[in-house]
Amino acid sequence: MGELLKVDKIKTEFKTDKGMVTSVDEVSFDLKEGETICLVGESGCGKSVTSLSIMHLLDKNGSVTHGSILLNGKELVNMSEAEMRKVRGNEISMIFQEPMTSLNPVLTIGDQLTEGIRLHMGYSKKEARDYAVEMLKKVGIPRAEGIVDDYPHRLSGGMRQRVMIAMALSCKPKLLIADEPTTALDVTIQAQILKLMKGLRSESKTAIILITHDLGVVAEMADKVAVMYAGQVVEETDVFTLFDNPKHPYTLGLMKSIPHITNPDDMRLESIPGSVPSVYNMPKGCRFYDRCPFAMKRCLEEKPELRPIEDKKSHSIRCFLYEKEEREFEEKKQDEKEVLS
Amino acid sequence: MEVKNLKKYYPIKKGIISKTVGYVKAVDDVSFSIYPGETVGLVGESGCGKSTTGRSLVRLEDPTSGQVIFEGKDLASISKKEMRELRTDLQIIFQDPYSSLNPRKRIGDLLAEPLLAHKLASKAEAAEKVNHILETVGLSKHYKNRYPHEFSGGQRQRIGIARALMLHPKLIICDEPVSALDVSIQAQVLNLLKDLQKEFNLTYIFIAHGLGAVKYISDRITVMYLGKIMEMAKTKEIFEHPMHPYTEILLNAYPVPNPHMRDREQIVVEGDVPSPAHPPKGCVFHTRCPFAKDICREKVPELNGTDHLIACHFPLSQ
């Protein structure tokens, strides 16, 4: 499986009345064909801005100022709007959180579905319509032939999200970005949509960037996970390592603060004190400093880098604590060497 | 508090003379009781009537019929004036901390307002109380001169809680108090609510769609679907031995934060919640229930049981 997407240290900035604001800072990750990465974090951590940066869908006052985004070796950061239009919807497509507002209320489902199909696949009107019906059936919409001619307001939230998925997958994209696709839906509908996405994923080998704040969804869907905090990736690893052996104090705090139905009865939730720092006033050192139970003097002054943990290349973390661990690890290795010699 | 056969129907009007053509049965024949000092969780999907039930209990909605008996008085039938007096005992915390605070008032004034409106304190006394209550909910008393927009979502929700506490209420209805907050902040607010309950001996009705939060805070849980109670029992019972197929399905639908369990067997129900304007005949859940039989399509199941109440013709065996 080849590498499909490589996001390398991108920095996204917005021009505002109060000056330049960095919303995403040094975010890096890569994705292979058919793989699913989850971006997790709380509101304002930059997970949505990261995906909009990839899609060139930032507001006019925002731009990617550093770093590169390679899709199949093609640089996306400096791509012109005309070139980008060929990529968007065709190679990368996106599903949004609000299925209520992301469909145009004055066009029929069919009109909206066939637009991309005709543009990117060169189908005739009739072919496109047949294909659209086929896609609707694939995402589990009953009476697909009738629904094509209906307007979005006739559908429920879950059905609209299915239409969005049909639309996103119709041009067989290599990469699907799903921004909180189930957050606005009820749990029983969420379960339906997640099941559908799993099925389509194994069928089409589409790589997925799934943005969510729900660790339950992460555990269901992800191959790997990037935990984001205040515009940075603080921990990145495969999903099993993340849940079995989380390292970053923020990830640890997040895991302990979810009330879940499998928790024991009398367990008191641990909460992370304080709140996320403001983008106008980012701390100089580690951004989690004032909420971190393990904060050291060093964290206030120095910026930690995202580094892989010694023997596991696939587990990276942005924290000095781990460096201590690394030091101990090396000291131990050295001790062992001395003993051997 | 005891709720008996509470109903709230919204008329559907059509045409120029606004003829009533039907009713949306938002809450349909709901009965339950709440004991002092306990927390009752109301759960269900959107449109199941949980918020309408909560709002009807404090007369923010006038119930169509039924009784809400609170300390010997029927809240559903007393006059507005009497209700106003009782409001000091009954408070509500809303879901959206952004829209429930008046943006043009300072925090101190917002908090003092209920006291002054009920003529329970002089201005000086009220100011004193504001300082105290802000500290109780974990905010600095210096915040009282600020405006709501200067606060984060979590802090605003604390202010909402502080406002509800100002009058020393006996019962607080928490209408999705943590749904709009981030997870790390949710835990802070849930812990605060738990601590306050112990300190002031409060009774809560906790409305939420997140089962995790409901389990964490509730003593008993009521599961609602399409305006009706499906199951009601102690929290432990509901989670360990759910007897209604809907409860089982709801519990099952929650994604488990454990990747080793991702391949577990899962019953995924098909279809959507039917419209409350045209609820199905018989058991309201029969259209989506995997165990539905002929009788479910015909006869409405009664809510039966003593401690563990359930409305189903074929309850799941233990």
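Given the structure is predicted, the values throughout are model-derived calculations rather than measurements.

Procedures and definitions
- Residues numbered from 1 in each chain as written.
- Chains lettered and ligands numbered in written order.
- Predicted model: local features only at pLDDT ≥ 70, side-chain atom pairs only at ≥ 80, totals over all residues.
- Heavy atoms only, no water.
- Helix = DSSP H or I, 4+ residues; strand = E, 2+ residues; numbered from the N terminus.
- Rg over C-alpha atoms; globule rule 2.2 N^0.38 Å.
- Contact = heavy atoms within 4.5 Å.
- Areas by Shrake-Rupley, 256 points an atom, 1.4 Å probe, with all protein chains shown as cover.
- Lys, Arg positive; Asp, Glu negative; His and termini not counted.
- Charge placed at Lys NZ, Arg CZ, Asp CG, Glu CD.
- Pairing = 2+ DSSP bridges.
- Axes fitted to C-alpha atoms, helices over the stretch in contact; angles between N-to-C directions.
- Left-handed = near helix turned anticlockwise from the far one by under 90°.
- Nonpolar A, V, L, I, M, F, W, Y, C, P; charged D, E, K, R; others polar.
- Buried < 20%, exposed > 50% of the residue type's maximum accessible area, 1.4 Å probe, protein only.
- Buried area = accessible area lost by both parts, 1.4 Å probe.
- Salt bridge = Lys/Arg side-chain N within 4 Å of Asp/Glu carboxyl O.
- Polar contact = N/O pair within 3.5 Å; in protein donor to acceptor, adjacent residues only side chain to side chain.
- Core = buried A, V, L, I, M, F, W, Y, C linked by side-chain atoms within 4.5 Å.
- UniProt positions renumbered as here; feature names shortened; annotations may be inferred.
- Parallel < 35°, antiparallel > 145°, perpendicular 65-115°, else oblique.
- Disulfide = S-S within 2.5 Å.

With respect to the overall build of chain A
Item 1. The helix and strand tally for chain A stands at 12 helices and 12 strands.
Item 2. Over its C-alpha trace chain A gives a radius of gyration of 22 Å, about what one expects of a compact globule, namely 20 Å for 341 residues.
Item 3. By sequence separation, contacts in chain A at least 24 residues apart represent 63% of the contacts at least 6 residues apart.
Item 4. If you sum the accessible surface of chain A, you get close to 16100 Å²; carbon and sulfur atoms cover 50% of it.
Item 5. Each charge class in chain A can be summarised by its mean position, and for the 47 positive and 53 negative side chains these summaries are 4 Å apart.

Remarks on the sheet that holds strand β10 (residues 228–234) of chain B
Residue and element names in this part refer to chain B.
Item 1. On the basis of which strands lie adjacent, the open sheet formed by 7 strands has the order β6-β7-β8-β3-β9-β10-β11 and mixed pairing. Two strands close off the open sheet at either side, each with one partner strand: β6 (90–93) and β11 (309–310).
Item 2. Where β6 and strand β7 (residues 171–175) come together, 4 bridges link them in parallel fashion. Looking across to β7, one finds that Q91 is bridged to I172.
Item 3. Contacts from helix α6 (residues 183–200) reach β3 (39–43), β6 and β8 (203–208) within the one sheet, and its direction differs from that of β8 by about 160°.

Here's the deal with the packing of helix α3 (residues 109–121) of chain A against helix α4 (residues 125–138) of chain A
All names here are of chain A.
Item 1. As a packed pair, α3 and α4 sit with axes 9 Å apart at the nearest point and diverge in direction by 115°. In this structure, α3 crosses over α4, and the sense of that crossing is right-handed. Taking contact as the criterion, the partners of I109, L113, T114, I117, R118 and M121 in α3 are, on α4, K125, A128, R129, Y131, A132 and L136.
Item 2. When its residues are assigned to classes, the contact of α3 with α4 shows 8 nonpolar, 1 polar and 3 charged.

Overview of unusual backbone geometry
All names here are of chain B.
Item 1. Within the chain, D29 stands out as a residue other than glycine whose phi angle is a positive 60°.
Item 2. Note that D29 resides in strand β2 (residues 19–33).
Item 3. Of note, L226 is a non-glycine position whose phi angle comes to about 50°, a positive value.
Item 4. In this structure, L226 sits in the loop between β9 (220–225) and β10.
Item 5. Overall, the relative accessible area of 4% leaves L226 in the buried class.

A look at the interface of chain A and chain B
Item 1. Chain A puts 44 residues into the contact, and the matching count from chain B is 40 residues.
Item 2. Summing both partners gives a buried area of about 3700 Å² for chain A against chain B, and 55% of it is carried by carbon and sulfur.
Item 3. Sorting the residues of chain A by area buried against chain B places T188(A), E220(A) and I261(A) first, and these three jointly supply 17% of that buried surface.
Item 4. Counting every contact that joins chain A to chain B gives 1 salt bridge.
Item 5. Measuring nitrogen to oxygen at the nearest pair gives 3.2 Å for the salt bridge that ties R268(A) to D195(B).
Item 6. At the boundary of chain A with chain B, the tally comes to 13 residue pairs in polar contact (both at pLDDT 80 or more).
Item 7. Secondary-structure elements contributing two or more residues to the side of chain A that touches chain B are α7 (187–204), α8 (215–221), α9 (239–244) and α10 (249–257) of chain A.
Item 8. At 8 residues, α7(A) tops the list of elements feeding residues into the side of chain A that touches chain B.
Item 9. Here the residues of the side of chain A that touches chain B are counted per class, giving 21 nonpolar, 12 polar and 11 charged.

With respect to the nonpolar core
Item 1. By size, the foremost hydrophobic cluster in this structure holds 70 residues, and its most contacted members are L111(B), I161(B) and F206(B).
Item 2. Of all the elements, α6(B) adds the most residues to this core, at 7 residues.
Item 3. Leaving out residues up to four positions away in the same chain, I161(B) has contacts with I93(B), V137(B), V189(B), L192(B), L193(B) and L196(B).
Item 4. Counting residues in hydrophobic clusters, the runner-up holds 62 residues, among them V133(A), L210(A), L242(A) and L254(A).

A short note on the sheet that holds strand β4 (residues 62–71) of chain A
Residue and element names in this part refer to chain A.
Item 1. Reading across from one edge, β2-β1-β4-β5 is the order of the 4 strands in this open sheet, with antiparallel pairing throughout. The open sheet is flanked by β2 (19–32) and β5 (74–75), the only strands paired with a single partner.
Item 2. The pairing of strand β1 (residues 3–16) with β4 spans 8 bridges and is antiparallel. Paired with V7 across the bridge in β4 is I69.
Item 3. Along the sheet, helix α1 (residues 47–55) makes contact with β1, β2 and β4, crossing β1 at roughly 105°.

Here's the deal with the pairing of β3(B)
Residues and elements named next belong to chain B.
Item 1. Here β3 lies mainly inside the structure; 5 of its 5 residues are buried.
Item 2. Along β3, one buried face is formed by T39, G41 and V43 and the opposite face, lined by V40 and L42, is buried too.
Item 3. As paired elements, β3 and β8 share 5 bridges and run parallel to each other. Considered in β8, the bridge of T39 is made with Y204.
Item 4. In this sheet, β9 lies alongside β3 in parallel orientation, the contact comprising 4 bridges. Bridged to V40 within β9 is R220.

Some thoughts on the UniProt feature "domain: ABC transporter" (unreviewed entry) in chain A
Item 1. UniProt records the feature "domain: ABC transporter" (unreviewed entry) at residues 5–255 of chain A, using the numbering of this structure.
Item 2. Counting secondary structure, residues 5–255 of chain A comes out at 39% helix and 28% strand; the distance between its end C-alpha atoms is 28 Å.

Re the packing of α7(A) against helix α9 (residues 245–253) of chain B
Item 1. Interhelical geometry of α7(A) versus α9(B) gives an angle of 55° and a closest axis separation of 8 Å. One way to sum up the angle between α7(A) and α9(B) is to call them oblique. Read as a crossing pair, α7(A) and α9(B) show a hand that is left-handed. Contacts between α7(A) and α9(B) involve V187(A), T188(A) and A191(A) from the former and I249(B), L250(B) and A253(B) from the latter.
Item 2. Considering only residue class, the contact of α7(A) with α9(B) consists of 5 nonpolar, 1 polar and no charged.

Details of the state of the cysteines
Item 1. Per the counting criterion, the structure on display carries 0 disulfides over all chains.
Item 2. With no disulfide partner, C45(A) has as its closest neighbouring cysteine sulfur the one in C38(A), 13 Å distant.
Item 3. Free cysteine C289(B): the closest other cysteine sulfur is in C312(B), separated by 6.2 Å.
Item 4. Residue classification places C289(B) among the buried residues on the basis of a relative accessible area of 17%.

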